[in-house]
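Inside the fold
Each chain, letter by letter, is given below.
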Amino acid sequence: PLGPSMGHLDMSVKKAISDDDWQKMLAATPPIPQVNAGYYFLVAENAFLQGDRVAALAFYDKAYAFDPNPYLGGKLVSAELASGRIEEAKVNLKKLVLLYPQKAQLRTLYGQVLAQSGFADEAIIETKRALNLDPQSEDANLQLIALYRAKEQWHEALVAAEHMTK
């Protein structure tokens, strides 16, 4: 049985159960980290929808700590960006891209953050990597076009736009 903090076992209950039965019960119990991660994720989503970016960030952080995966990592970084923590988001996205190199959405987001930080050339490289993983990604295609337009590389922007419409 779990205490109100979701994760602390009430040891008085263990005393009433044999060691063999206790081990069987623990083996049949779902992993607590994923349960906690799901709970904190839902609370974070609710806070984000209500406009409380600071609370959402704290809860996404807790969810990711319990169950680190690319989806929760992306949500955490998106909350950092929404809270104006661009440098923190850039550092965390770099880590996420290294941990999950095949996730096009993370690479697209990293390219966006690089562009916002003034690293347009690096943003183009990262966005192209995202498109290599997911050529049909509308976000990555539009981002690449916008990056080329911002650098006034009109031919490259046109080629990227043509690629997007194929």
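See the structure printed just above.
Residues numbered from 1 in each chain as written. Predicted model: local features only at pLDDT ≥ 70, side-chain atom pairs only at ≥ 80, totals over all residues. Heavy atoms only, no water.

Looking at the environment of Leu 133
- Checked against the element boundaries, Leu 133 lands in helix 8 (residues 120-133).
- Note: C-alpha distance between Leu 133 and Ala 104 (29 residues apart in sequence) is 5.7 Å.
- Those residues in contact with Leu 133 that lie beyond four places of it in its chain are Pro 101, Gln 102, Lys 103, Ala 104 and Arg 107. (Helix = DSSP H or I, 4+ residues; strand = E, 2+ residues; numbered from the N terminus. Contact = heavy atoms within 4.5 Å.)

Details of helix 4 (residues 53-66)
- Under the 1.5 Å per step criterion, the end-to-end length of helix 4 is 20 Å for 14 residues, consistent within 8% with the ideal 20 Å.
- Along helix 4, the residues that are buried comprise Ala 55, Ala 56, Leu 57, Tyr 60, Ala 63 and Tyr 64. (Expected span 1.5 Å × (residues − 1). Buried < 20%, exposed > 50% of the residue type's maximum accessible area, 1.4 Å probe, protein only.)

Some details on the layout of surface pockets
- Of the voids in this model, the largest pocket is the one considered here, and its volume is about 390 Å³.
- Those elements giving two or more residues to the lining of the largest pocket turn out to be helix 5 (70-82) and helix 7 (104-116). (1 Å grid on protein atoms, 1.4 Å probe; cavity = no way out; pocket = protein on both sides within 12 Å on 5 of 7 lines; lining within 4 Å. Points joined across faces, edges and corners; volume = space filled by probe spheres on them.)

As for the packing of helix 5 against helix 7
- Running from N to C, helix 5 and helix 7 cross one another at 20°; their axes reach a closest spacing of 11 Å. Taken together, helix 5 and helix 7 sit at an angle that is classed as roughly parallel. Both helix 5 and helix 7 take part in a crossing whose hand is left-handed. Together, Pro 70, Gly 74, Val 77, Ser 78 and Leu 81 of helix 5 and Leu 106, Leu 109, Val 113 and Gln 116 of helix 7 make up the contact between the two elements.
- For the contact of helix 5 with helix 7, a count of residues per class yields six nonpolar, three polar and no charged. (Axes fitted to C-alpha atoms, helices over the stretch in contact; angles between N-to-C directions. Parallel < 35°, antiparallel > 145°, perpendicular 65-115°, else oblique. Left-handed = near helix turned anticlockwise from the far one by under 90°. Nonpolar A, V, L, I, M, F, W, Y, C, P; charged D, E, K, R; others polar.)

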